[in-house]
Amino acid sequence: MEAIRPTTGSTSGPAGANGSGVRSEAAPGATPGGRPPQLTPVAPARSAPAPLRRGLASVDHQLQGDVASAQQALDFLEQVAGQLQALKGELSAKLSARRGDSGAIEAHLRQLGATMDKRRQASGGSVDARLSFSSPAPASQRFRIKGLNLDMLTAGAGQTLSFSVGGNTQPLTVTVDPSMTRDDIVVRFDRALAPANMRVSADGSGALVFSTPETAWPMVRDSLSIQGVGRVAVEADTDVVMPQQWGASNADALRQSLHEVVQALAQVRRSQDAASQALSAAASRAAVDQAPPADIEVMAQDFADTASTPNYESLLALTSALVGISRERVLALLGLH
C-alpha cells in the first residue's frame, strides 16, 4: 500500500485506477506507467531502530552486573593471592635464615601495595579494603563513632539521638529506652540510619560498627553530626589489608608481616569461594533466562541492519541500547558459555 501526495493542479474528473478520487498531474520524469514520482512509503525508514531498543532492553542488566562484578573480583583476587603467596615465601625464608633477601621482600610489599591501591577499580567495586567480596551490594567502608557504644546507651534513662549527614535537613532519629536489649538497640540504629545509606552492627566489645558504601564514605566522614553535639569524630575500620604498614626490619616485624599475610590469604580464599558461588548462581540464572535462539538471531540481524544505516536515528538506537554494556561485562558473559 502506498500513500499518495497530491500536487497542485486539477483534481476534478473521474477517480483514478486506485479509487482514491485524487489525480496527480504527471511530473517531468514520470514513469511510463504514469506512476507519480511523489509516491512515498508509509513507514519511514527512521522507525527501524525501535525494534533494536526493544530487543536489547530485554537483556537482564542486573544479571550482567552480577556476572561482571564476580568475574572482576575473581581476577583481582587471583592476582592478590599470587602476590601474597610470593611474599609469604620470602618472609618464611628470611625467618628461617635460609636466605636474607630483604630487597625482595620490600619489592613484593611495594607490588602488593600498588595492587591494593587499584583495588576498587580492578575489582569493579566488589572487593573492600578487608578483601571481602560483596555483590550485588557495593564494597563498604566500616567505621565507628568515638564514644558511642552499647554500654553508654543502656546506662541510665532513655535517650534520643538525631543524626544528619551531608546536606540532609531531615534528621534521622534513634530513641533508646532502658527496656531494650542490646540486640534491639542495634536493630533500632540499623533501621533508623538505613535511609542515609548506613548500616549498623556491633562488635564483640559492644562498640557500634557503622558501614556505608565506599563511594559515600568521604561525605559521611566529613559531615556526620548529632543534634546537640555537632560533628562527631569517626574512626575508619583498621581491620584492613595495608601492605604499606608491614615491615621487614627485624625478626618481630617479619613475624608480624607473615601473620598479616597468612590472615589476608585466608580472607582471599573465602572471598574467592563467595565470588565463585555468585558467578555460578549467575550462570544458572542465565541458563534459565536465556532467550530462544530464534529471538537472539532476530536481535542480531536487527542490530546489523540498524548499524548499517548511517543516520542519526540509527546512532541513537545503538548508543541507547549499549549504555551500561562494558567490555568487562561482555567478557564475563562470554565466559559463561
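Let me begin by describing the structure that accompanies this report. Small disclaimer: the values here were computed from a predicted structure and weren't measured. (Residues numbered from 1 in each chain as written. Predicted model: local features only at pLDDT ≥ 70, side-chain atom pairs only at ≥ 80, totals over all residues. Heavy atoms only, no water.)

**Considerations on the packing of aromatic side chains**
For step 1, the next point in the chain: On inspection of all chains with the given rule, the structure shows 3 aromatic pairs.
For step 2, the next point in the chain: Between the aromatic rings of Phe143 and Phe210, the centroid separation amounts to 5.5 Å while the plane-to-plane angle is 20°, which identifies the pairing as stacked. With a gap of 67 residues between them, Phe143 in strand S1 (residues 140–145) and Phe210 in strand S5 (residues 208–213) connect regions that are remote in the sequence. We note that Phe143, like Phe210, is buried.
For step 3, the next point in the chain: Taking the centre distance of 5.2 Å and the plane angle of 40° together, the rings of Phe143 and Trp217 count as tilted. You can see Phe143 sitting in strand S1 and its partner Trp217 sitting in helix H7 (residues 217–223), a full 74 residues away along the chain.
For step 4, the next point in the chain: Judged by relative accessible area, which is 11%, Trp217 ranks as buried.
For step 5, the next point in the chain: Site record: aromatic cluster; members linked through ring pairs are Phe143, Phe210 and Trp217. (Phe/Tyr/Trp six-rings, centres within 6.5 Å; stacked < 30°, edge-to-face > 60°. Helix = DSSP H or I, 4+ residues; strand = E, 2+ residues; numbered from the N terminus. Buried < 20%, exposed > 50% of the residue type's maximum accessible area, 1.4 Å probe, protein only.)

**Some points on helix H6 (residues 182–193)**
For step 1, the next point in the chain: With 12 residues, H6 extends 17 Å from end C-alpha to end C-alpha; this agrees with the ideal 16 Å at 1.5 Å per step.
For step 2, the next point in the chain: Along H6, the positions that sit buried rather than exposed are Ile185, Val186, Phe189, Asp190, Ala192 and Leu193.
For step 3, the next point in the chain: At its buried positions, H6 is contacted by helix H5 (150–154), strand S2 (159–164), strand S3 (172–176), strand S4 (199–202) and S5. (Expected span 1.5 Å × (residues − 1). Contact = heavy atoms within 4.5 Å.)

**Considerations on the side chain of Thr212**
For step 1, the next point in the chain: By the element assignment, Thr212 lies in strand S5.
For step 2, the next point in the chain: For Thr212, a relative accessible area of 1% gives the class buried.
For step 3, the next point in the chain: Setting aside its immediate chain neighbours within four residues, Thr212 contacts Ser140, Gln141, Phe143, Asn197, Met198, Trp217 and Val220.

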